[in-house]
Amino acid sequence: MNQKGDEVLETALRRGFIWPSFEIYGGAAGFYDYGPLGSALKNNIIAEWRRVFVVEEGCLEIDTPTVVPFEVLKASGHVDHFLDAMVECTRCKGAFKAVDLLKEQAGVDMEGKSVKEMSKAIRERGVRCPDCGGELGEVFEFNAMFKTAVGPGSKRQAFLRPETAQGIFVDFRRLYRHGRGKLPLGVVQIGRGYRNEISPRQGMIRLREFTMAEAEVFFDPKNPVHPGFERVASERLRLWLAKDQSAGSEQITEVTAADAVRQKLVCNQLMAYYLALTVQLLRRLGIPESAVRFREQLPGQRAHYSVETWDAEVHTQRYGWIEIAGFAYRTDYDLSRHMQHSGEDLTAFIEERKEKVVCHVVEPSFGIDRIFYCVLEHSLATEGKRKILKLKPYIAPIQAGVFPLVTKDGLPERARQIERELRTAGLRVEYDESGSIGRRYARADEVGVPFCVTVDHQTLEDNTVTIRDRDTAKQVRVSIENLAEVLKRLIEGTLSIESLGGQES
RNA sequence: GCGGCAGUAGUCUAGCCUGGUCUAGGACACCAGCCUGCCACGCUGGUGGCGCGGGUUCGAAUCCCGCCUGCCGCACCA
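Only a predicted model underlies this, so the values are computations on that prediction, with no experimental measurement involved. (Residues numbered from 1 in each chain as written. Chains lettered and ligands numbered in written order. Predicted model: local features only at pLDDT ≥ 70, side-chain atom pairs only at ≥ 80, totals over all residues. Heavy atoms only, no water.)

### With respect to the packing of helix 14 (residues 411-424) against helix 17 (residues 480-492)
Line of reasoning, step 1. For the pair helix 14 and helix 17, the least separation of the axes is 10 Å and the interaxial angle reads 45 degrees. In terms of their interaxial angle, helix 14 and helix 17 are classed as oblique. Crossing of helix 14 over helix 17 shows right-handed handedness. Listed contacts from helix 17 to R414, I418, E421 and L422 of helix 14 are I480, L483, A484 and L487.
Line of reasoning, step 2. Classifying every residue of the contact of helix 14 with helix 17 by side-chain character gives six nonpolar, no polar and two charged. (Axes fitted to C-alpha atoms, helices over the stretch in contact; angles between N-to-C directions. Helix = DSSP H or I, 4+ residues; strand = E, 2+ residues; numbered from the N terminus. Parallel < 35°, antiparallel > 145°, perpendicular 65-115°, else oblique. Left-handed = near helix turned anticlockwise from the far one by under 90°. Contact = heavy atoms within 4.5 Å. Nonpolar A, V, L, I, M, F, W, Y, C, P; charged D, E, K, R; others polar.)

Structure follows, in structure tokens:
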């Protein structure tokens, strides 16, 4: 294992970013708690996502239940694709879908039959392991969705949602009306999703309960364009094409978003648009474009609903390249299925052509927990013994520290006043007087506090304080009168320490 | 889920093989007091631990079993 990844997780655990869930009862794999700082950081990451997709893009945000009735997920295909009768080879331990083996080797269709019947059929028909020819064990049900029931008596079967998307699809009619028939129509949802992984590992990378931020962009299949495409047309995309993966090549094809569309490397302009937007979002979160690539999923890897999928991958030292977002071209799969199963009309009307169409969908779907890890890893810098979490100031859980230089002569009292004023001004600040001033700076650095305000004897004379910049340790002296405003501008990045005449300490 | 290794204060770790001398040692962190005019200063004091459960034994951090959790490989990851 590598040192950097360990340092990230150790720091995150020790300083209250993430904790193992249910720890005092021995814990549970695949679940994590966000501690006070982690919770704040996660919320700030979500706020940045929301700022892009809801504020700038104007997507409609909704919030739907995590408990989803059986019929909905039956229609979406999840029941059939997430519930499998599996069988394991007793010799090589390979796991296979029982239905597939029975079809291939015995020519019988056992779809929908019970586990017992399938086990019996495998024995009677002499179905063997396709890899090593070994004997197969008992068929067991593998359910990647958490099962539950609505109401007492288990009358109505339901599942915890494996994705938030279905809540959007089933609301399409109302959303389409709410959006007054305009296309493309973007709808987003941020919330928890659940997958009962067989054996989750890799900490927060594979969770059984996770937070996802998904957008479903509905569009006229004959017109897959985004009105704001020009804004991102020159953004460079690093693509790992399927053909290169198949050829065993790590070759990255770097093109602008406009060229990706022109050269037909991606299915349409909307897809390219959201890939470009993602580069910008990640950059804003502190993940440089050099650590981002888009991997085109090979046909066999795609979800049942997708005809083209790109994964946004971020490079990490601990886990290598990890998928942090998926971009699926779901076509009209979901709406069509829900039309069939519900009997409702979920079409859109295209005025120019006087034609009813089932909208197609491009789905950018982000794994917030994974992005959270990537942000931490890409932010943590080590300088000697010191750890500095160089979070972008606007996502830092604590925006400023307020310290009295020494704990006497009325400095703590004055510092407390300033803390109060900054809190009232809406800044997330922490007061600290314990230990030496250097220790307090170091403590603040480790949790990513971008600015520290120090109250010294001069403060008592002329009502000025110093602001110390985390990343450079430079300090500037500003009047308390302007402090909140200056801090706000430093945090949002419209003002730099240098422009204030920052001095090396 | 299978196989291998591991789990000691908040964090990292000594002790485990060869049971008692462990009332479990250390470092860092944390808290209190003193000190302190700017980058983890110093002094004094302090809080806090053997993953959980069972067994063997006069006696278990140490040996055995089960579970949980973590790491590595296989499988899975729609």
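### A short note on the domain arrangement of chain A
Line of reasoning, step 1. With domains assigned, chain A is organised as domain 1 (3-82 + 144-377) and domain 2 (398-504).
Line of reasoning, step 2. Residue-level contacts link six residues of domain 1 with five residues of domain 2.
Line of reasoning, step 3. In this assembly, domain 1 packs against domain 2 so that about 500 Å² is buried in total across both faces, 47% of it on carbon and sulfur atoms.
Line of reasoning, step 4. The largest share of the area that domain 1 buries against domain 2 comes from R15, L37 and N44, three residues that together contribute 66% of it.
Line of reasoning, step 5. Linking domain 1 to domain 2 there are two salt bridges.
Line of reasoning, step 6. E446 is the salt-bridge partner of R15, the closest N and O atoms lying 2.6 Å from each other.
Line of reasoning, step 7. Between domain 1 and domain 2 we count two residue pairs in polar contact (both at pLDDT 80 or more) in total. (Domains from an automatic or database assignment. Buried area = accessible area lost by both parts, 1.4 Å probe. Salt bridge = Lys/Arg side-chain N within 4 Å of Asp/Glu carboxyl O. Polar contact = N/O pair within 3.5 Å; in protein donor to acceptor, adjacent residues only side chain to side chain.)

### Considering the pattern of salt bridges
Line of reasoning, step 1. Tallied over the full model, the rule gives 40 salt bridges.
Line of reasoning, step 2. For R293, the salt bridge identified is with E250, shortest N-O distance 3.6 Å. Taken together, the residues R293 in strand 14 (residues 292-296) and E250 in the loop between helix 9 (242-246) and strand 13 (253-256) connect sequence positions 43 residues apart.
Line of reasoning, step 3. The class for R293 is buried, based on a relative accessible area of 6%.
Line of reasoning, step 4. A salt bridge links R295 to E313; its shortest N-O distance comes to 3.2 Å. Note that R295 is positioned in strand 14 and E313 in strand 15 (residues 308-316), a separation of 18 residues in sequence.
Line of reasoning, step 5. What emerges from the salt-bridge pattern is a single network uniting E10, R14, R15, K387 and E446. (Buried < 20%, exposed > 50% of the residue type's maximum accessible area, 1.4 Å probe, protein only.)

### Brief notes about empty space enclosed by the protein
Line of reasoning, step 1. Here the structure, examined in full by the defined rule, presents one cavity of 30 Å³ or more.
Line of reasoning, step 2. Space inside the largest cavity adds up to approximately 50 Å³.
Line of reasoning, step 3. No other element matches helix 1 (residues 3-14), which puts three residues into the lining of the largest cavity.
Line of reasoning, step 4. A class-by-class count of the residues in the lining of the largest cavity yields six nonpolar, one polar and one charged. (1 Å grid on protein atoms, 1.4 Å probe; cavity = no way out; pocket = protein on both sides within 12 Å on 5 of 7 lines; lining within 4 Å. Points joined across faces, edges and corners; volume = space filled by probe spheres on them.)

### Things to note about the nonpolar core
One recurring pattern in soluble globular proteins: nonpolar side chains tend to sit buried together.
Line of reasoning, step 1. L239, F294, F327, I467 and L487 are the most contacted members of the largest nonpolar core, which totals 109 residues.
Line of reasoning, step 2. For this core, the leading source of residues is helix 11 (residues 269-284), giving eleven residues.
Line of reasoning, step 3. Formed jointly, this core draws a minimum of three residues from each of two domains, domain 1 (3-82 + 144-377) and domain 2 (398-504).
Line of reasoning, step 4. Here L487 is in contact with A400, L422, L427, F451, V453 and I467, once residues within four sequence places are set aside.
Line of reasoning, step 5. If you look at the next biggest cluster of nonpolar residues, it comprises 18 residues, including I62, L335, L346 and V357. (Core = buried A, V, L, I, M, F, W, Y, C linked by side-chain atoms within 4.5 Å.)

### Quick notes on the protein's contact with RNA strand B
Line of reasoning, step 1. With respect to spatial proximity, 44 residues lie near RNA strand B, and among them H81, R201, T407, S436 and R443 are the closest.
Line of reasoning, step 2. The sugar-phosphate share of atoms of RNA strand B within 4 Å of the protein amounts to 49%.
Line of reasoning, step 3. Between a sugar or linking oxygen of RNA strand B and a side-chain N or O atom of E10, the distance comes to 2.5 Å.
Line of reasoning, step 4. Take S436: an N or O atom from its side chain is 2.2 Å from a phosphate oxygen of RNA strand B.
Line of reasoning, step 5. When contributions to the surface near RNA strand B are tallied by element, the ones reaching two or more residues are helix 1, helix 15 (437-446) and strand 25 (464-469).
Line of reasoning, step 6. The dominant element in the surface near RNA strand B, judged by the number of residues it contributes, is helix 15, at six residues. (Near = heavy atom within 4 Å.)

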